[in-house]
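# Chains, contacts and geometry: an overview
Single-letter residue listing:
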Amino acid sequence: MLNIGQTENFSKMDKSQILAKFSSDPERYYKVSLFEEKGFVRKSCTKCKRFFWTLDQTQSFCPEDSENNYSFIGNPPTKKRFDYVQAWKEVESFFVQNGHKSVSRYPVVCRWRDDLYFTIASIVDFQRVMGSKVVFEFPANPLVVPQTCLRFKDIENVGVTGRHFSSFCMIGQHSIPNSQGYWKDKCIELDFRLLTEKFGIDKKEVVFVEDVWVGGGSFGSSLEYFVRGLELGNAVFTEFGGDLNSYSVLDQKIIDMGAGLERFAWITMGTPTAYDCCFGPITKNLIETVGIDVEPKLLQEYFTAISKGLRESTDLTQVRKSATKQTKIDEAKYNKIIAPLEGIYLIADHLRTLVFAISDGALPSNVGGGYNLRMILRRVIATMDRFGWNLDLKELADMHIDYLKSTYHELDETRNDVKTIIGIERERYGESKTRMKGIANTLKTQNKMLTVDDLIRLYESDGITPDFLKQEQIISEIPSTFYERLSSLHQSEKVEKKEILNLDGIPDTIALYYGEDPAEFEAKVLKVINKKFVILDKTSFYPRGGGQEPDYGKIAGFDVVDVNKHGNIIVHELKGGIPKEGQAVSCVIDSKRRDEITKHHTSTHILNSSSRNVLGSWVWQHSAFKEEDHARLDITHHSALTKEEVAKIEELANAKVKENIPIIIQNFDRGTAEQKYGFRIYQGGIVPVKSVRIVSIKDFDVEACGGTHVKSTKDVELIKITRTKRIQDGVVRLEFVAGKAAREYIKKHAEELQKQLHEKAVKEQSDKLREQRKQESREKIPALLRQVYEPDLIALKDNKIYVFEVKSRKFVYTANDHYDEYFHINFGEELVKHDPRIVYCGVFEEGGKVRTIIHAGEEASKQNKAGDIAKAISQILGGYGGGNPRFAQGGGPNKSKKDEAINKAKSMVLE
Ligand SMILES: [Zn+2]
Ligand SMILES: [Zn+2]
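Residues numbered from 1 in each chain as written. Chains lettered and ligands numbered in written order. Predicted model: local features only at pLDDT ≥ 70, side-chain atom pairs only at ≥ 80, totals over all residues. Heavy atoms only, no water.

## A short note on the overall build of the chain
Where we set the bar: In this description a helix means any DSSP run of H or I spanning at least four residues, a strand means any run of E spanning at least two, and both kinds are numbered starting from the N terminus. Using C-alpha atoms as the atom set, the radius of gyration is obtained and then compared with a globule rule of 2.2 Å times the number of residues to the power 0.38. We call two residues in contact when some of their heavy atoms are within 4.5 Å. A residue counts as positive if it is Lys or Arg and as negative if it is Asp or Glu; His and the chain ends are not included. Charge positions come from single atoms, namely NZ of Lys, CZ of Arg, CG of Asp or CD of Glu.
Check the secondary structure of the chain and you find 28 helices and 32 strands. The C-alpha radius of gyration computed for the chain amounts to 40 Å, which surpasses the reference 29 Å derived for 911 residues by more than 25%, pointing to a less compact arrangement than a globule. For the C-alpha atoms alone, the extent of the chain along its principal axes is close to 135 × 90 × 45 Å. A separation threshold of at least 6 residues defines the contact pool for the chain, and within that pool the share at least 24 residues apart is 65%. Averaging the locations of the 131 positively and 130 negatively charged side chains of the chain gives two centres separated by 2 Å.

See the structure below:
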């Protein structure tokens, strides 16, 4: 059950057939020397017929069907008690004493395989993809590893069954049977001795059950070992390739023994659940904080019943129901003890998973594996809300790390980053909850069946998780296909469009760019396809790859417009003509273009590490693009970048440029590179080759990369971030320039800045002047009024104020652009107050429009209403106007019709 490292084409039919075949020849497949020496007997279970090996002659049931299963709860079969951390120390020391190397765990984020988000079994650590094949690379033989594994499939069981976790430690015992390693006999002997000698379990308690393993095109026999019905481990002997009809012995046989550390701790402690002994002080602390009155006897009975019940049914509701009935727990007691305990277990488990995942650089988001992390964090918060608990999640994360750091010291280094991310996520969820509740209420009133598509849409557009909908009782169950569908939506990477060419029989191209890298070279044309594609025996043209754009240049005088790699064959696309097959041609690459692309590529590495240093350990390269005159780097980060963050990143990057650090390129065996530099080298994704090219800028940045690089950081000259943008949840884009493009950018922006400053100064000057004039005009109002009253026609003309009088009607207007709205309102008002026969018309420009203000004196307004005049003027100006009989305003955009408009007003008043 534990080993699911090799998934794919799993067929139950095959499995039972293989098991039948192997079990029909137990001497060949299952009988190990230990069974012979100790006198194990082979039996067939009376109930399920499975074959098992035991020292207890009286036993007629397999461990899972045996009466005493789970009887270790409250009565452990070991002399010693080991909690989680101590249990690993015991296991580790046993295997090390017996010639194994203890290897540190690999990251839980599976950076070395692109078909898995998370490490799901210890064997995955050593699997590497080569083309369509999975190969094994072991850093030592034999070895043992405490591998943290993440599995989200049985999430509903976590906290409830007593033994399901969203992350657990798989004790991986791996061996290749060669001069250093061993095969079945030694493996089972060691596992038996581990249980009996180290853990002090009685020999008669250990039972081995015959089983088989099938997956990934290989299969073999396996022995699961149990103590009191609890499967502690499963030793898989991967031995054959093919299927049952046609198979052969593998070149590289492998022992894949996986055991659950949580279960090792549980069996020695005999606590009601494994959760009680695997989270250090956390479970107890939470029980006290929340204040549950635990009754140990009752819990023992209840969780034993749950464990036994799960053998009969997988329906959790049913299992819970019958367990409460058996142990006579009424509803009140259930709600007071069991339900909150389940909540505590869930919180402790989910937080531990988050600690590992975030520490290894994963971010909660709504894409890919990040979805699972966001989901479990929201489950934690939802559980707290449901019970009204106010727990400090950061403090709990601290407690996890403190407890685990003696085994996993790396957790201590990322402690603050883990807490930062948990804090941000919690805050975000809080902010979105009100909105989510609103949507949930609408859905409730609509009362319609939600399809998986609906759920995906709700999640993608509104961030509403199905867990939330379940909690709000809008859906009763989360459809099993939901998570799968959601991941597949986000999994498909953009596939580079490449023409499919027939390249049969063409040898691999010799890549000169990894060697002397000449800008000019002679080569032989091996093949011409479709009158535009040319394949040479060797080339210096760098093909498009890893986000780096291809080289341009000339082959035999014709333009090279694109270069792509098809397997190990490099294909040049030419324009304007093509050489002949067999011809020797001279080739020249556009070095200027290549140099600038190269500067951008090295800058990507510098910026990537600068971002991680400034922002946090969760920063990984998501993708990158490097052209001659610009580049971009997408990094994993939780929020949009602030101006300060961008400035800091740029500053650090340019400090590294100034330091003039030499860039060292070395080839390593993949396993060696991983051991030496860790998995941070896989910034650009997995590397499907045995030898990896490591590009290092001292220890500031070390990456596996196939691109072209400058010799020393100073060669990139300058790095300038031109724009940043949050392009999706958890991913931020940095657009930047380096080298010549950066110099030009700075120059252009300096000019622009200069221009802007100048324009600003000019405008400020004219604004000031206009303001000054207006002020002067306002101050002149009393004097001007006197000039109208007297009237002083010469002075009025100087001030561009015109007075007309026909019979007893008076029309006064001005279009002097020194006068503003304030002037016209006040001047006009005073004027008509003094002489009620006056109609005053002020015209001025403002905001690109002509505006007018009309005052009509009491007498004048009986003849012509101010509103009518404003309306008429505005019509001519192409706009709208209106008001009351005494005061109105209006205007329009047609500046050229200003005079016509004034004449209209004048004629309305005087004629
Ligand atoms: Zn059985
Ligand atoms: Zn690179």
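So that's the structure; there's more coming.
## Focus: the coordination of the zinc ion (ligand 2)
Applicable threshold: Only nitrogen, oxygen and sulfur atoms qualify as donors, and only when within 2.8 Å of the metal (3.2 Å in the case of Na, K and Ca); with water excluded, sites may look incomplete. Burial classes follow relative accessibility: with a 1.4 Å probe on protein chains only, a residue under 20% of its type's maximum area counts as buried, one over 50% as exposed, and anything between as partly exposed.
The zinc ion (ligand 2) binds to the protein through His601 (NE2), His605 (NE2) and Cys705 (SG); the donor distances cover 2.1 to 2.2 Å. Exposure remark for His601: the relative accessible area of 2% places this residue in the buried category. A residue is classified by how much of its surface remains accessible, and Cys705, at 14% relative accessible area, is buried.

## Remarks on the packing of aromatic side chains
Definition in use: Put simply, two rings from Phe, Tyr or Trp (the six-membered ring, in Trp's case) pair if the centres are within 6.5 Å, and we call them stacked under 30 degrees between planes, edge-to-face over 60, tilted for the rest. As a reminder, the over-ring test applies to NZ of lysine and CZ of arginine, requiring each to be within 6 Å of the ring centre and within 35 degrees of the ring normal.
Enumeration over the complete set of coordinates arrives at 47 aromatic pairs. With a centroid separation of 5.0 Å and 85 degrees between ring planes, the pair formed by Tyr302 and Phe303 is classed as edge-to-face. Both residues of the pair, Tyr302 and Phe303, belong to the buried class. An angle of 15 degrees between the planes, with centres 4.5 Å apart, marks the rings of Phe387 and Trp389 as stacked. The partly exposed category is assigned to Phe387, whose relative accessible area is 25%. Taken together through their ring pairs, the aromatic side chains of Tyr106, Trp112, Phe126, Phe136, Phe138, Phe679 and Tyr682 make up a single cluster. Cation over ring: Lys253 sits above Trp183, and NZ or CZ is 4.7 Å from the ring centre.

## Section: the coordination of the zinc ion (ligand 1)
Rules: Square planar and octahedral assignments, for four and six donors respectively, both demand that opposite donors be over 155 degrees apart and that all other angles lie between 65 and 115; tetrahedral needs four donors with all angles between 85 and 135 degrees, and anything else is irregular.
Around the zinc ion (ligand 1), the protein contributes the donor atoms Cys45 (SG), Cys48 (SG), Cys62 (SG) and Asp65 (OD), which lie 2.0 to 2.3 Å from the metal centre. Around the zinc ion (ligand 1) sit four donor atoms, and with donor-metal-donor angles ranging over 104 to 115 degrees the site reads as tetrahedral. When the donor residues of the zinc ion (ligand 1) are listed from N- to C-terminus, their spacing reads C-x2-C-x13-C-x2-D. The class for Cys45 is buried, based on a relative accessible area of 1%.

## Remarks on the pairing of strand S23 (residues 691-697)
The cut-off we apply is this: In this description, strands pair whenever DSSP reports at least two bridges between them.
Of all seven residues in S23, six are buried; the element is thus mostly enclosed. Inspection of the sheet shows strand S22 (residues 663-669) paired to S23 by seven bridges, in the antiparallel sense. Among the inter-strand pairings, Phe668 is bridged to a residue of S23, identified as Val692. The pairing of S23 with strand S24 (residues 701-704) spans four bridges and is classified as antiparallel. Within S24, the position partnered with Ile697 by the bridge is Asp701.

## Let's talk about the packing of helix H23 (residues 781-789) against helix H25 (residues 821-834)
Note the cut-off: Only the contacting stretch of a helix is used when fitting its axis, a line to C-alpha atoms as for every element, and angles between N-to-C directions run 0 to 180 degrees. In what follows, roughly perpendicular refers to angles from 65 to 115 degrees, roughly parallel to angles under 35, roughly antiparallel to angles over 145, and oblique to any angle outside these ranges. Handedness of a crossing is defined here by the sense of rotation of the near helix relative to the far one, left-handed for an anticlockwise turn of less than a right angle and right-handed for a clockwise turn. Amino acids are sorted into nonpolar (Ala, Val, Leu, Ile, Met, Phe, Trp, Tyr, Cys and Pro), charged (Asp, Glu, Lys and Arg) and polar (every other residue, Gly among them).
For the pair H23 and H25, the least separation of the axes is 11 Å and the interaxial angle reads 40 degrees. The orientation of H23 relative to H25 falls into the category oblique. Seen along the crossing, H23 lies across H25 with a hand that is right-handed. On the side of H23, the interface is formed by Ile781, Leu784, Leu785, Val788 and Tyr789, while H25 contributes Phe823, Asn826, Phe827, Glu830, Leu831 and His834. Grouping the amino acids of the contact of H23 with H25 by side-chain chemistry returns eight nonpolar, two polar and one charged.

## Focus: the pairing of S24
A two-sided burial pattern is seen for S24, the buried positions comprising Asp701 and Glu703 on one face and Val702 and Ala704 on the other. Here S23 hands over to S24 after three residues, with Lys698 in that stretch at a positive phi of 45 degrees.

## A look at the side chain of Thr602
Tracing the chain through its elements places Thr602 in helix H19 (residues 591-615). Using a relative accessible area of 0% as the deciding quantity, one classes Thr602 as buried. Contact partners of Thr602, with chain neighbours within four places excluded, come to Ile663, Thr708, His709, Val710 and Val716.

## Digging into the sheet that holds S24
Across the sheet, which stays open at both edges, the three strands sit in the order S22-S23-S24 with antiparallel pairing between neighbours. For this open sheet the edge positions go to S22 and S24, each flanked by a neighbour on one side alone. Within the sheet, the average angular offset between the axes of one strand and its neighbour, ignoring direction, is 25 degrees. In the packing of H19 onto the sheet, the strands contacted are S22, S23 and S24, and the crossing angle to S24 comes to about 125 degrees.

## What to know about unusual backbone geometry
In this structure, Pro142 follows Asn141 across a cis peptide bond, with omega equal to -5 degrees. Following the sequence through the fold, Pro142 ends up in the loop between strand S5 (133-136) and strand S6 (143-150). With omega at -20 degrees, the peptide bond leading from Glu790 into Pro791 counts as cis. Assignment of secondary structure puts Pro791 in the loop between H23 and helix H24 (793-798). The backbone phi angle of Tyr70 is positive, close to 65 degrees, even though this residue is not glycine. Mapped onto the elements, Tyr70 comes out in the loop between strand S2 (51-54) and helix H4 (84-97). The phi angle at Arg228 is positive, at roughly 45 degrees, despite the residue not being glycine. We classify Arg228 as buried; its relative accessible area is 12%.

## Observations concerning the nonpolar core
Let me state the cut-off plainly: Note on terminology: a nonpolar core comprises buried Ala, Val, Leu, Ile, Met, Phe, Trp, Tyr and Cys residues joined through side-chain atoms within 4.5 Å.
Ranked by internal contacts, the top residues of the largest apolar core, which has 197 residues, are Phe208 and Phe264. The contacts of Phe208, once residues within four sequence positions are left out, are Leu34, Phe35, Phe40, Phe51, Phe52, Trp53, Ile188, Phe192, Leu223, Glu224 and Tyr225. In terms of nonpolar packing, the next biggest core, distinct from the first, is built from 21 residues, Val843, Ala870, Ile902 and Val909 among them.

## Description of the pattern of salt bridges
Note on pairing: side chains with opposite charge can pair once their charged atoms come close. Filter applied, for reference: Each salt bridge in this description consists of a side-chain nitrogen of Lys or Arg and a carboxyl oxygen of Asp or Glu lying within 4 Å of one another.
Evaluated as defined, the whole model comprises 65 salt bridges. The salt bridge involving Arg42 is made with Glu210; its shortest N-O contact spans 2.6 Å. One end of the pair, Arg42, is in strand S1 (residues 41-44); the other, Glu210, is in strand S8 (residues 206-215), with 168 residues separating them in the sequence. Here Glu210 falls in the buried class, since its relative accessible area comes to 1%.

## So, helix H27 (residues 866-877)
Residues spaced three or four apart along an α-helix face the same direction, because each turn holds 3.6 residues. As a reminder of what qualifies: To estimate how far a helix should extend, the number of its residues minus one is multiplied by 1.5 Å.
Across its twelve residues, H27 extends 17 Å between first and last C-alpha, which sits within 8% of the 16 Å expected from 1.5 Å per residue. With nine of twelve residues buried, H27 lies mostly within the body of the structure. Considered for burial, the residues of H27 that qualify are Ala866, Gly867, Ile869, Ala870, Ala872, Ile873, Ser874, Ile876 and Leu877. Contact partners of the buried residues in H27: strand S29 (838-846), strand S30 (849-856), strand S31 (881-883), strand S32 (887-892) and helix H28 (898-910).

## Re the side chain of His174
Our working definition: We define a polar contact as two N or O atoms separated by no more than 3.5 Å, with the added condition that, inside protein, one atom must be a possible hydrogen donor and the other a possible acceptor, whereas residues neighbouring each other in sequence contribute only through side-chain atom pairs.
Take His174: it is sitting in strand S7 (residues 167-175). Separated by 2.9 Å, the side chains of His174 and Ser122 make a polar contact. Within the local environment of His174, its side chain forms a polar contact with the backbone oxygen of Ile255, the two atoms lying 3.3 Å apart. Apart from residues no more than four positions distant in its own chain, His174 is found in contact with Ser122, Ile123, Phe126, Phe138, Asn141, Pro142, Leu143, Val145, Ile255, Asp256 and Met257.

## Some words on the sheet that holds S29
With respect to topology, six strands assemble into an open sheet ordered S27-S28-S29-S30-S32-S31, the strand pairing being mixed. Both outer strands of the open sheet, strand S27 (801-806) and S31, are each paired with one neighbouring strand and no more. Neighbouring strand axes in the sheet, compared pairwise and without regard to direction, differ in orientation by 15 degrees on average. Summarising the sheet, S27 and strand S28 (residues 809-814) pair through six bridges and their orientation is antiparallel. Of the residues in S28, the one forming a bridge with Tyr802 is Tyr813. Each of S27, S28, S29, S30 and S32 is contacted by H25, which is oriented at about 175 degrees to S29, the strand it contacts most. Packed onto the sheet, H27 meets S29, S30, S31 and S32 and runs at close to 5 degrees relative to S32.

## Points about the environment of Glu845
Looking at the secondary structure, you find Glu845 in strand S29. Classification of Glu845 by relative accessible area gives partly exposed; the value is 41%. Between the C-alpha atoms of Glu845 and Ile589, which are 256 residues apart in sequence, the distance is 61 Å. Here Lys898 takes part through its side chain, which lies 3.2 Å from a polar atom of the side chain of Glu845.

Function cannot be inferred from these measures alone, as they are strictly geometric.
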